[in-house]
Amino acid sequence: MLPALKRYHDVLAPTFAGHAGGPPIDGEIADSFLADAVECAMDEAGFDAAHIVGSSLGGWLALQLAARGRARTVVAFAPAGGWAEDDGSFRRTLGLQSAMVQYARSAAPQATSLLGTPEGRRRATQLITTNFEHIPADLLAHQMLGVAGCTTAGPLIEHALGQQWALDAEKITCPVRIAWGTQDALLPLDWAATRFRYEWLPSADWIELDGVGHCPQLDIPLETAELIRGFTR
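Residues numbered from 1 in each chain as written. Predicted model: local features only at pLDDT ≥ 70, side-chain atom pairs only at ≥ 80, totals over all residues. Heavy atoms only, no water.

K.L.:
Could you clarify how one ought to interpret the overall build of the protein in this entry?
P.N.:
Scanning the protein from N- to C-terminus turns up 12 helices and four strands. A compact globule built from 233 residues would reach a C-alpha radius of gyration of about 17 Å, and the protein, at 17 Å, matches this within 12%. Dimensions of the protein, computed from the C-alpha atoms along their principal axes, are close to 50 × 40 × 40 Å. Residue burial in the protein is summarised as follows: out of 233 residues, 46% are buried. Total accessible area computed for the protein in this model is approximately 12,000 Å², and 52% of it derives from carbon and sulfur atoms. Here the protein carries 17 positive and 27 negative side-chain charges, and the mean point of each set is 5 Å from the other. (Helix = DSSP H or I, 4+ residues; strand = E, 2+ residues; numbered from the N terminus. Rg over C-alpha atoms; globule rule 2.2 N^0.38 Å. Buried < 20%, exposed > 50% of the residue type's maximum accessible area, 1.4 Å probe, protein only. Areas by Shrake-Rupley, 256 points an atom, 1.4 Å probe, with all protein chains shown as cover. Lys, Arg positive; Asp, Glu negative; His and termini not counted. Charge placed at Lys NZ, Arg CZ, Asp CG, Glu CD.)

Here's what the structure looks like:
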């Protein structure tokens, strides 16, 4: 989506701390450290406030930054953290992600050959997209290597299991759009959006994307870019 967005905006696309290519994690992992690192990147780039877009964990961080007053608008795609307080379903999702990291590390040495077939690309994307034929194999290889190279995935997932997942929604005063694929296999709408929809952000602009998976930016990139551009406009 970046080329489409860069036609209208100055774009900062930071890699999260502790992820492959991102800044290292210094010290103990805390609930706020990922948002702190993105805020630091904004400061270094001279962005006092910005239109903030995030997907999944990035959607959660976008809303955290909005609560800190750093967002002009937020577009969040299937943001994490919205399950009910007494719903432990997210633990299964985190367990699945832990297994995905191990699979990626095993497959990474053969990434090019594995992703050279339609069957391999389908297997590599089945949890995050419904449409995959248009996604370039080299992009999927880059993604697989990024997952495999996330050396702090274990500690990050372990921390997420005990994280508070609290959002100070009353401090979010900017316009918010939340978009969710109806075929999301990682964070299904029926339980993962509960607190966003009914407690934290019931007045947000809600969009359900029929037949789309967890990552609209891969599934329907042009439409996703327009969902962002239409809101920032």
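K.L.:
Can you walk me through the nonpolar core in this structure?
P.N.:
Considering soluble globular proteins, one finds that nonpolar side chains tend to be buried as a cluster. Residues Val74, Ile172, Val176, Trp180, Phe196 and Leu201 are the most contacted members of the largest nonpolar core, which totals 48 residues. If we skip the residues at most four places from it in the chain, isoleucine 172 touches Leu63, Ala66, Ala67, Leu167 and Leu201. Membership of the second largest hydrophobic core comes to 15 residues, among which are Ala111, Ile128, Met144 and Cys215. (Core = buried A, V, L, I, M, F, W, Y, C linked by side-chain atoms within 4.5 Å. Contact = heavy atoms within 4.5 Å.)

K.L.:
In this structure, what is going on with the packing of aromatic side chains? I would like to understand it.
P.N.:
Aromatic rings considered in pairs are described by the distance between their centres and by the relative angle of their planes. Under the definition given, this model contains eight aromatic pairs. Between tryptophan 83 and phenylalanine 90, the ring centres sit 4.7 Å apart and the planes meet at 0°, which makes this aromatic pair stacked. On the basis of relative accessible area, tryptophan 83 is assigned to the buried category, the value being 7%. For phenylalanine 90, a relative accessible area of 8% translates into the label buried. With 6.4 Å between their ring centres and 5° between their planes, tryptophan 180 and tryptophan 206 make a pair best called stacked. (Phe/Tyr/Trp six-rings, centres within 6.5 Å; stacked < 30°, edge-to-face > 60°.)

K.L.:
It is not clear to me how the packing of helix H2 (residues 33–45) against helix H3 (residues 57–67) should be interpreted in this structure. Could you clarify?
P.N.:
In a pair of packed helices, the angle between the axes and the distance between the axes together describe the arrangement. Where H2 contacts H3, the axes come no closer than 10 Å and their chain directions differ by 70°. In terms of orientation, H2 and H3 fall into the roughly perpendicular class. Seen from above, H2 lies across H3 with right-handed handedness. Mapping the contact onto sequence places Leu34, Ala35, Val38, Glu39 and Met42 in H2 and Leu57, Leu61, Gln64 and Leu65 in H3. Grouping the amino acids of the contact of H2 with H3 by side-chain chemistry returns seven nonpolar, one polar and one charged. (Axes fitted to C-alpha atoms, helices over the stretch in contact; angles between N-to-C directions. Parallel < 35°, antiparallel > 145°, perpendicular 65-115°, else oblique. Left-handed = near helix turned anticlockwise from the far one by under 90°. Nonpolar A, V, L, I, M, F, W, Y, C, P; charged D, E, K, R; others polar.)

K.L.:
Mind showing me how you'd approach the sheet that holds strand S3 (residues 176–181) here?
P.N.:
Note: strands within a sheet are paired through backbone hydrogen bonds, in either parallel or antiparallel orientation. If you trace the four strands from one edge of the open sheet to the other, you get S1-S2-S3-S4, paired in parallel fashion. Single-partner strands in this sheet number two, and they are strand S1 (50–55) and strand S4 (205–209). On average, each strand axis in the sheet is tilted by 15° relative to the strand beside it, whichever way the strands run. Direction of pairing for S3 relative to S4: parallel, over a ladder of five bridges. Among the inter-strand pairings, arginine 177 is bridged to a residue of S4, identified as aspartate 205. (Pairing = 2+ DSSP bridges.)

K.L.:
Even after reading the chapter, I still don't get the pairing of S3, so can you show me in this structure?
P.N.:
Within a regular strand, side chains alternate between the sheet's two faces. A large share of S3 lies buried, amounting to six of its six residues. Neither face of S3 is exposed, since Val176, Ile178 and Trp180 on one face and Arg177, Ala179 and Gly181 on the opposite face are all buried. Both strand S2 (residues 71–77) and S3 contribute to a ladder of four bridges, which runs parallel. The partner of valine 74 across the bridge, within S3, is valine 176.

K.L.:
Help me understand the environment of cysteine 174 in this model?
P.N.:
Examined against the element boundaries, cysteine 174 turns out to sit in the loop between helix H8 (153–162) and S3. Looking at cysteine 174, the relative accessible area reads 14%, which means it is buried. Expressed as a C-alpha distance, the spacing of cysteine 174 and arginine 72, which sit 102 residues apart in the sequence, is 5.8 Å. Contact partners of cysteine 174, with chain neighbours within four places excluded, come to Ala66, Ala71, Arg72, Thr73 and Val74.

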